[in-house]
Amino acid sequence: MSNLQHRSNQASSQSAIALGAACSAGFFWGTGAVVVNLLIANHGFTPENISFWRFTVGAMVLLAVFGKRINWQQLRPLVATVLAAGTAMAGYVLFWFLGIAHIGAAIPTLIALCLPPVLVTIFALVRGQETLNIQLVAVLAVAITGTVLIVSRHKTGVGATDQYELFLGVSYAFGSAVLYASFALISGRLSNRLGAGQATTCLTIVAALVMGLSSLYRPLYWPTGIPPQAWFLYLGIVTAALALLAFSWGAARLTPTALTVATLIEPLTAVLLAALFLGEQLGPFQWLGGFLLLLSIWGLRNRHTLQSQ
């Protein structure tokens, strides 16, 4: 009995740490959202330029730390998977930005954030990685409701948008959601096979190369001023290298639903930082949304969220 209790306590502890890692990835991405908005609004950088240097700096940092540990023999049979996952990682960010460019931030953000947990849960149920029960449905519903309340207070920006622009914006947003869900599903397998450090390094290199293709239609340049240079370094070191490393580590240990729900902490972080540093006011429904999102993460903590090995 004591052995069973010990194993149960150990599993619970591992689950809490893995969930914390996924939440920290979402938190870092949330800080990055505020930085990206500042760089676009105050310094005129394009999303493609920011994304390229974010992944490039992140890849350089990860190579410095994990480059010597890369096992090429181990990596060779997984090259196609790494290329697909790295492309998905770069693509979901680019598609999200393209959706925002066509119809504003609110609708693409809602689709890109709320659809992936549903998609990965359906896939996990089919694969037997999740068990359909009331607790799973409740956690998912509360998390998505909370995210909708957090994000939807912003103007949609579609008032004067024609139907074609709306179609393009929504299509890009759905593409972003599908790519993020695919990336989340593949990340756990790669991290299990290669280790979080090696997997994250390879994926970030691929993402940087993919984003580099945007130079074919728009120049990519490193900023000259010290403040934007510091922000670019922050994005690369913290929101790419550190956040993606935490995400990969959590992906190897959490069920897909737990992983994607935990990273929904991103929009909550972004709106709280905007309120704290940019003077934006949070409405009562946003506070309610934040409470519901935290409640859903607490619900994940109290259910079996570890991947079956």
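Residues numbered from 1 in each chain as written. Predicted model: local features only at pLDDT ≥ 70, side-chain atom pairs only at ≥ 80, totals over all residues. Heavy atoms only, no water.

## Remarks on the overall build of the chain
Part 1: For the chain, the helix and strand inventory stands at twelve helices and zero strands.
Part 2: Its helices and strands taken in sequence order, the chain reads α-α-α-α-α-α-α-α-α-α-α-α from the N to the C terminus.
Part 3: What you see for the chain is a C-alpha radius of gyration of 19 Å, in line with the 19 Å of a compact globule of 309 residues.
Part 4: Along the longest, intermediate and shortest principal axes, the C-alpha atoms of the chain span 60 × 50 × 35 Å.
Part 5: Counting across all 309 residues of the chain, residues that qualify as buried make up 51%.
Part 6: Within the chain, contacts between residues at least 6 apart in sequence are counted, and of these 89% link residues at least 24 apart.
Part 7: Summed over its atoms, the accessible surface of the chain is roughly 14700 Å², and 68% of this surface lies on carbon and sulfur atoms.
Part 8: Across the chain, the mean location of the 14 positive side-chain charges is 20 Å away from that of the 6 negative side-chain charges. (Helix = DSSP H or I, 4+ residues; strand = E, 2+ residues; numbered from the N terminus. Rg over C-alpha atoms; globule rule 2.2 N^0.38 Å. Buried < 20%, exposed > 50% of the residue type's maximum accessible area, 1.4 Å probe, protein only. Contact = heavy atoms within 4.5 Å. Areas by Shrake-Rupley, 256 points an atom, 1.4 Å probe, with all protein chains shown as cover. Lys, Arg positive; Asp, Glu negative; His and termini not counted. Charge placed at Lys NZ, Arg CZ, Asp CG, Glu CD.)

## So, the side chain of Thr200
Part 1: Relative to the elements of secondary structure, Thr200 occurs in helix H8 (residues 196-212).
Part 2: For Thr200, a relative accessible area of 1% corresponds to the buried category.
Part 3: Discounting residues that sit within four places of it in the chain, Thr200 has contacts with Leu62, Ala241, Leu244, Leu245 and Ser248.

## Here we look at a nonpolar patch on the surface
Part 1: Residues Phe285, Leu288, Phe291, Leu295 and Trp298 make up a contiguous nonpolar surface patch of about 560 Å² in total accessible area.
Part 2: Tracing the chain through its elements places Phe285 in helix H12 (residues 284-301).
Part 3: Look at Phe285 and you get exposed, because its relative accessible area is 57%. (Patch = residues over 30% accessible without salt bridge, like charges linked within 9 Å, V, L, I, M, F, W, Y side chains within 5 Å. Salt bridge = Lys/Arg side-chain N within 4 Å of Asp/Glu carboxyl O.)

## Notes on the nonpolar core
Part 1: By size, the foremost hydrophobic cluster in this structure holds 69 residues, and its most contacted members are Trp29, Phe55, Val82, Met89, Phe183, Leu190 and Phe247.
Part 2: The greatest single-element share of this core, amounting to ten residues, is contributed by helix H1 (residues 2-43).
Part 3: Excluding anything up to four places from it in sequence, Phe247 contacts Ala25, Trp29, Tyr180, Phe183, Ala184, Ser187, Leu259 and Thr263. (Core = buried A, V, L, I, M, F, W, Y, C linked by side-chain atoms within 4.5 Å.)

## Let's talk about the packing of helix H6 (residues 134-151) against H12
Part 1: Where H6 contacts H12, the axes come no closer than 7 Å and their chain directions differ by 155 degrees. One finds that H6 runs roughly antiparallel with respect to H12. Judged by the sense of rotation from one axis to the other, the crossing of H6 with H12 is left-handed. Contacts from Gln135, Val139, Val142, Ala143, Thr145, Gly146, Thr147, Leu149 and Ile150 in H6 reach Phe285, Gln286, Leu288, Gly289, Gly290, Leu292, Leu293, Leu295, Ser296, Gly299 and Leu300 in H12.
Part 2: Classifying every residue of the contact of H6 with H12 by side-chain character gives eleven nonpolar, nine polar and no charged. (Axes fitted to C-alpha atoms, helices over the stretch in contact; angles between N-to-C directions. Parallel < 35°, antiparallel > 145°, perpendicular 65-115°, else oblique. Left-handed = near helix turned anticlockwise from the far one by under 90°. Nonpolar A, V, L, I, M, F, W, Y, C, P; charged D, E, K, R; others polar.)

## Some details on the packing of aromatic side chains
Part 1: Across all of its chains, the model carries 13 aromatic pairs by this definition.
Part 2: On the basis of an interplanar angle of 75 degrees and a centroid distance of 5.0 Å, the ring pair of Phe52 and Trp53 is categorised as edge-to-face.
Part 3: Overall, Phe52 belongs to the buried group, its relative accessible area being 16%.
Part 4: A centroid spacing of 5.2 Å and a plane angle of 75 degrees characterise the contact between Trp53 and Trp222, whose relative ring orientation is edge-to-face. Separated by 169 residues along the polypeptide, Trp53 in helix H2 (residues 47-66) and Trp222 in the loop between H8 and helix H9 (226-251) bring together distant segments of the chain.
Part 5: Relative accessible area serves as the criterion here: at 19%, Trp53 is assigned to the buried category.
Part 6: Note that Arg54 overlies the ring of Phe55, its terminal NZ or CZ placed 5.0 Å from the centroid. (Phe/Tyr/Trp six-rings, centres within 6.5 Å; stacked < 30°, edge-to-face > 60°. Lys NZ or Arg CZ within 6 Å of the ring centre and 35° of its normal.)

## As for the confidence of the model for the chain
Part 1: Overall, the predicted model of the chain reaches an average pLDDT of 87, with 91% of residues at or above 70.
Part 2: Per-element confidence in the chain ranges from a low mean pLDDT of 80 for H1 to a high of 96 for H8. (pLDDT = per-residue confidence, 0-100.)

## Points about the packing of helix H5 (residues 106-127) against H6
Part 1: Axis separation between H5 and H6 bottoms out at 9 Å; the angle between their running directions is 170 degrees. As far as their axial angle goes, H6 and H5 are roughly antiparallel. Within the contact between the two elements, H5 uses Ala106, Thr109, Leu110, Leu113, Cys114, Pro117, Val118, Thr121 and Leu125 and H6 uses Leu136, Leu140, Ile144, Thr147, Val148 and Val151.
Part 2: Counted by class, the contact of H5 with H6 contains twelve nonpolar, three polar and no charged residues.

## Here's the deal with the pattern of salt bridges
Part 1: For the coordinates displayed, the defined rule picks out one salt bridge.
Part 2: Between Arg218 and Glu48 there is a salt bridge; the shortest N-O distance is 3.1 Å. One end of the pair, Arg218, is in the loop between H8 and H9; the other, Glu48, is in helix H2, with 170 residues separating them in the sequence.

## Some details on the state of the cysteines
Part 1: In the structure shown here, the tally under the stated rule is zero disulfides.
Part 2: Between Cys23, a cysteine without a disulfide, and Cys114, which holds the nearest cysteine sulfur, the sulfur-to-sulfur distance is 16 Å.
Part 3: A relative accessible area of 17% places Cys23 in the buried class. (Disulfide = S-S within 2.5 Å.)

## Details of helix H11 (residues 265-277)
Part 1: Under the 1.5 Å per step criterion, the end-to-end length of H11 is 18 Å for 13 residues, consistent within 8% with the ideal 18 Å.
Part 2: Residues of H11 that are buried include every one of Ile265, Glu266, Pro267, Leu268, Thr269, Ala270, Val271, Leu273 and Ala274, and no others. (Expected span 1.5 Å × (residues − 1).)

## Notes on helix H4 (residues 79-103)
Three or four residues apart is the spacing at which side chains of an α-helix point the same way, because the helix has 3.6 residues per turn.
Part 1: The end-to-end C-alpha distance of H4, which contains 25 residues, comes to 36 Å, matching closely the 36 Å that a straight helix rising 1.5 Å per residue would cover.
Part 2: Looking one or two residues beyond H4, the residue adopting positive phi is Gly104, at roughly 90 degrees.

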